[in-house]
Amino acid sequence: MALIVAPEAPLEPWLAALDEQMLRSAGFFVDRPIIVNLAAIDDGSQNLGEVLDALASRDLRIVGLEGIDPVRLSGTGWERLPKLQQGREMRAQATTDREIVVPGASEPEEAAEAVAEKPVEAAVAEEPPARLPSLLIDRPVRSGQSVVFEDGDIIVVGSVSSGAELIAGGSIHVYGSLRGRAIAGIRTGGAARIFCQKLMAELIAIDGIYDMAEHWGDKRHGRAVQIQLDTDSLKISPLE
């Protein structure tokens with residue numbers, strides 16, 4: 001099960017309170033995936049990279065972000081950290097952010113004319129998009145290991161241990177038990193899928209939409225499944 005941590009300003013008292021809580025519940029955060037919501041301190045007064053550094057120095061296992069534009073972390077050691085979202089409202093906002101702009105067409109009529117003037121031969125001559133590469137791992141992924149392959153699919157011939165992490169630009173295929181965290185679609189978006197022979201993960205995510213083990217229940221836990229994005233949530237279907 002993942003935990004959501006939401007730092008607040010002023011940061012120092014908030015960190016002191018976190019330290020006290022960690023002392024009182026020493027094992028509560030151990031090996032738990034942490035999603036950091038930075039919305040409450042994203043006012044320009046804080047260096048967000050330093051905030052995440054402060055959390056990581058407390059041995060918190062940070063797997064994703066909420067509440068900010070990832071551009072705010074450019075130039076820091078956290079700029080490749082996935083931005084994760086959950087729920088219909090956030091999904092709608094993500095869709096709005098992906099506005100498609102046609103260069104040189106300021107009016108709809110101009111865009112229509114440009115399409116009409118395009119020769120048919122040119123359309124036929126267009127090559128299909130190149131297939132994304134894949135990363136094949138022919139051994140188990142152990143606890144504490146993080147495999148990041150932004151260029152395409154990750155294929156694991158073996159199991160993924162608890163505390164391990166897979167982050168793929170495309171889809172994720174696990175021919176074994178999937179524990180730990182699996183984050184797909186960093187590059188391909190909602191077209192990505194996650195396949196595994198035994199779903200036992202702590203956290204799964206596709207195109208920034210995530211889900212946790214507590215939500216999919218016993219009917220899917222431990223089963224062979226495929227996971228895909230269905231509008232604003234993840235759909236988990238049995239492979240039978």
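What counts, and at which threshold
- Residues numbered from 1 in each chain as written.
- Predicted model: local features only at pLDDT ≥ 70, side-chain atom pairs only at ≥ 80, totals over all residues.
- Heavy atoms only, no water.
- Helix = DSSP H or I, 4+ residues; strand = E, 2+ residues; numbered from the N terminus.
- Buried < 20%, exposed > 50% of the residue type's maximum accessible area, 1.4 Å probe, protein only.
- Contact = heavy atoms within 4.5 Å.
- Areas by Shrake-Rupley, 256 points an atom, 1.4 Å probe, with all protein chains shown as cover.
- Pairing = 2+ DSSP bridges.
- Right-handed = clockwise from strand over helix to strand, strands pointing away.
- Patch = residues over 30% accessible without salt bridge, like charges linked within 9 Å, V, L, I, M, F, W, Y side chains within 5 Å.
- Salt bridge = Lys/Arg side-chain N within 4 Å of Asp/Glu carboxyl O.
- Core = buried A, V, L, I, M, F, W, Y, C linked by side-chain atoms within 4.5 Å.
- Polar contact = N/O pair within 3.5 Å; in protein donor to acceptor, adjacent residues only side chain to side chain.

Draft legend 1. Seen up close, the overall build of the protein chain. For the protein chain, the helix and strand inventory stands at six helices and 14 strands. The proportion of buried residues among the 240 residues of the protein chain is 40%. Within the protein chain, counting contacts between residues at least 6 apart in sequence, those at least 24 apart form 38% of the total. Of the accessible surface of the protein chain, which amounts to about 13500 Å², a share of 51% is contributed by carbon and sulfur atoms.

Draft legend 2. Representation of the pairing of strand β3 (residues 61-66) within the structure. When you tally the buried positions in β3, you get five out of six residues, the bulk of the element. Sheet analysis places strand β2 (residues 33-37) next to β3, joined by five bridges and oriented parallel. Along β3, the bridge assignment pairs I35 with G64. Remark: the β2/helix α2 (residues 48-56)/β3 crossover connection has right-handed handedness.

Draft legend 3. Molecular detail of the pairing of strand β12 (residues 209-212). Burial along β12 is two-sided: the face carrying I209 and D211 and the face carrying Y210 and M212 are both buried. Sheet topology places strand β11 (residues 203-206) next to β12; four bridges connect them, and they run antiparallel. Each residue of the ladder has a partner; that of L203, found in β12, is M212. If you look at the hairpin formed by β11 and β12, you'll find two residues sitting between the two strands, and D207 has a positive phi there, around 55°.

Draft legend 4. A look at a nonpolar patch on the surface. A cluster of nonpolar side chains, L136, V157 and Y175, forms an exposed patch at the surface whose accessible area comes to about 310 Å². With a relative accessible area of 47%, Y175 lands in the partly exposed category.

Draft legend 5. Here's a closer look at the nonpolar core. Within the largest apolar cluster, 29 residues are counted, with the highest numbers of intra-cluster contacts made by L166, L178, I194, L199, I204 and I227. Once residues within four sequence positions are removed from consideration, L166 is found in contact with V141, V147, I154, V156, V160, I172, V174, R181, A182 and I183. One finds L11, L15, L52 and I68 within the second-largest nonpolar core, a separate group that totals 24 residues.

Draft legend 6. Structural view of α2. Three or more residues of α2 are buried, namely L48, G49, V51, L52, A54 and L55. Where α2 is buried, its residues touch α1 (11-24), β2 and β3. Where α2 starts, the residue carrying a side-chain oxygen 3.0 Å from the main-chain nitrogen of G49 turns out to be N47.

That is the geometry; function is a separate question.
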